[in-house]
Amino acid sequence: MIDIRLLRSEPELVKAAMARRMKPALLGELEHAESLDARLREITTERDSIRAQVNGLSKDVATMRRTKDDSGAEALMAKSRSLGETEKKLASEYDEASSALREVLLLIPNLPHPQVSDGNNDKDNKVVKGPLQMPKEFAKHQRVPHWETGTALGILDNERATKISGSMFTMQRGLGATMARALCQLALDRNADAFEEIRPPSLVLTSTLTATGQLPKFADDAFAIERDDLWCIPTAEVPLTSLHASETLNAQDLPLRYMAHTSCFRREAGSAGRDTRGMLRTHEFDKVEILAVTTAQQAPEMLIELTNRVEATIAALGLPYRVLEICTGDLGQSHHRSFDIEVYAPGCDQWLEVSSISWFSDYQARRADIRCKHAGAKGSEIAHTLNASALAVPRVWAAILENFRQPDGSVVIPEVLQPYMRGAKVISAKS
RNA sequence: GGAGAGGUGCCAGAGCGGCCGAAUGGGGCGCCCUGCUAAGGCGUUGUCCGGGUAAACCGGACCGUGGGUUCAAAUCCCACCCUCUCCGCCA
């Protein structure tokens, strides 16, 4: 959520920043929020003053009871009763207005960081680094899509995955399965110096999925377990962000850094037919997420740190990659500023987004009610959250198959993964 | 899933429908005492929202959550959630 007090005090500034997202309907939502907020404060003031009167009368009643002034007490009680009627009406108006305001606020996206460049959509994202580790030319044997190589090597069995679970599910076997797990282990080990490993639940409450911004707007993108009112997590960002929901943290303990390897479940509604062939877009995949809770001051530096960490892992795998900064028109709802890391896959001739490194400013933390308190300071402020995919398995797995495919059809396993591969250095077809 | 017990401030723990934002103890912070430490003495110590330029201050809300009764609820009633113990089931 954006800060309603900022909208209240600097409406023009908020509107100007929001206009950069290139979604004209947003301005209407902002104005709606402004008027609901004004109305809410009117009601609050009135309701509170009635409550103050009732509280005062109740005290007087107590005094009169003690002095046995029963008729006086009766008179005050009657007066208080009628005030109570008014209070009741105001209270229900308050509930109405405040839930209406909350509803609107939950739909309003985050303000883009001033340095984010303007753009309409993903085509306007700028490459800020790279391409790096890009060969001058790709050989013909690298121009084979991973689904062909994977199937030929017996390490990818999407046909049977579909038999078991339907379309858009994937299954790795043998060294393919081992490599999927190796990638996760690598990503965890590379960040274990600073990040605490968490094994969070995969099913979460509605409130948890609301905190990170997936709900209420993007309910169709998530798998729901309706009978039990639970949701499958689309990313470990969801449980990790809510780890400290409703808590006030000591600023001196920040930043907090967590990492988690989880399955991620996505309905991929609205992307039917896109990237359905291999494992570029699936309903379930494994990912290692790194996440930080910081003060506002620490956040910019953390964004750089997360980006560097993700980049270093991709670089260590030897894959061709580049870094993009996401423009205002492509920035996710909760995002304040984001970078994407893309890996080139010569077989399907595509740049694949393998990581998104994002700073959410206080947007998610306000929804989750994560505060931080500076020692000696009065009151508290909303914390900042940032996260990144340290490594998302399927696309990296696919890029490895395509980049490191040899003329004989085998695939060389990147050296950094070999320690996790039980001695294997190459994946060859079983004779 | 069944039976029972319980959820109060940083922690422990008391709380009669009004004088309870909440006793008492511990902890923290400040001052005093003290060569240092320990012990001791005194004081202080919650959060959120609205108003106030800010501080002072004023008003409201908060005793697991949500409803209800009442002039007035931590206290009474109802529902739910969570924790603990026992039983059942289970990796």
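Details of the structure are given in the entry above.
Now for a look at the structure at hand. (Residues numbered from 1 in each chain as written. Chains lettered and ligands numbered in written order. Predicted model: local features only at pLDDT ≥ 70, side-chain atom pairs only at ≥ 80, totals over all residues. Heavy atoms only, no water.)

### A word on the nonpolar core
Defined as follows: Buried residues of nine kinds, namely Ala, Val, Leu, Ile, Met, Phe, Trp, Tyr and Cys, make up a nonpolar core once their side-chain atoms join them within 4.5 Å. Exposed residues in this analysis have more than 50% of their type's maximum accessible area, buried residues have under 20%, and partly exposed residues fall in between, with area computed by a 1.4 Å probe over protein chains only. Only DSSP runs of H or I reaching four residues or more are called helices, and only runs of E reaching two or more are called strands; each is numbered from the N terminus. Note on contacts: a residue pair is in contact if any heavy atoms of the two residues lie within 4.5 Å.
Counting 56 residues, the largest nonpolar core has Leu183, Leu317, Leu319, Val396, Trp397, Ile400 and Leu417 as the members making the most contacts within it. Considering every element that reaches this core, the biggest residue donor is helix α7 (residues 174-191), with 8 residues. Look past the residues within four positions of Ile400 in its chain and what remains in contact with it is Met179, Leu183, Leu317, Leu319, Arg405, Val411, Val412, Pro414 and Leu417. Counting 29 residues, the second largest nonpolar core, distinct from the first, contains Leu26, Leu40, Leu105 and Ile108.

### Considerations on the pattern of salt bridges
Here is the rule: By definition here, a salt bridge exists when the distance from a side-chain nitrogen of Lys or Arg to a carboxyl oxygen of Asp or Glu is within 4 Å.
The tally for this structure, following the rule as stated, stands at 26 salt bridges. Close ionic contact of Asp3 with Arg366 constitutes a salt bridge, the shortest N to O distance being 4.0 Å. Of this pair, Asp3 sits in the segment before α1 (4-9) while Arg366 sits in helix α11 (residues 363-368), placing them 363 residues apart in sequence. Classification of Asp3 by relative accessible area gives partly exposed; the value is 27%. Assessed through its relative accessible area of 17%, Arg366 is described here as buried.

### Focus: the packing of aromatic side chains
Going by this rule: Put simply, two rings from Phe, Tyr or Trp (the six-membered ring, in Trp's case) pair if the centres are within 6.5 Å, and we call them stacked under 30 degrees between planes, edge-to-face over 60, tilted for the rest. Counted as over-ring charges are cases with an Arg CZ or a Lys NZ within 6 Å of the ring centre that also lie within 35 degrees of the ring normal.
In total, this model carries 2 aromatic pairs according to the counting rule given. By way of ring pairs, the aromatic residues Phe138, Tyr344 and Trp351 are connected into one cluster. Sitting above the plane of the Tyr94 ring, Arg47 keeps its charged end 4.2 Å from the centroid. The ring of Phe195 carries Arg257 above its face, with NZ or CZ at 5.9 Å from the centroid.

### Side note on the packing of helix α5 (residues 146-153) against helix α12 (residues 393-403)
This is how it is decided: Angles shown run from 0 to 180 degrees and are taken between the N-to-C directions of axes, each axis being a line fitted to C-alpha atoms and, for helices, limited to the stretch in contact. Comment on the angle field: the value is read as roughly parallel under 35 degrees, roughly antiparallel over 145, roughly perpendicular from 65 to 115, and oblique elsewhere. Think of it as three bins: nonpolar holds Ala, Val, Leu, Ile, Met, Phe, Trp, Tyr, Cys and Pro, charged holds Asp, Glu, Lys and Arg, and polar takes everything else, Gly as well.
At a minimum axis separation of 9 Å, α5 and α12 run at an interaxial angle of 80 degrees. Judged on the interaxial angle alone, α12 and α5 are roughly perpendicular. From α5, His146, Thr149 and Gly150 reach across to α12, where they touch Ala398, Leu401 and Glu402. For the contact of α5 with α12, the class distribution of residues is 2 nonpolar, 3 polar and 1 charged.

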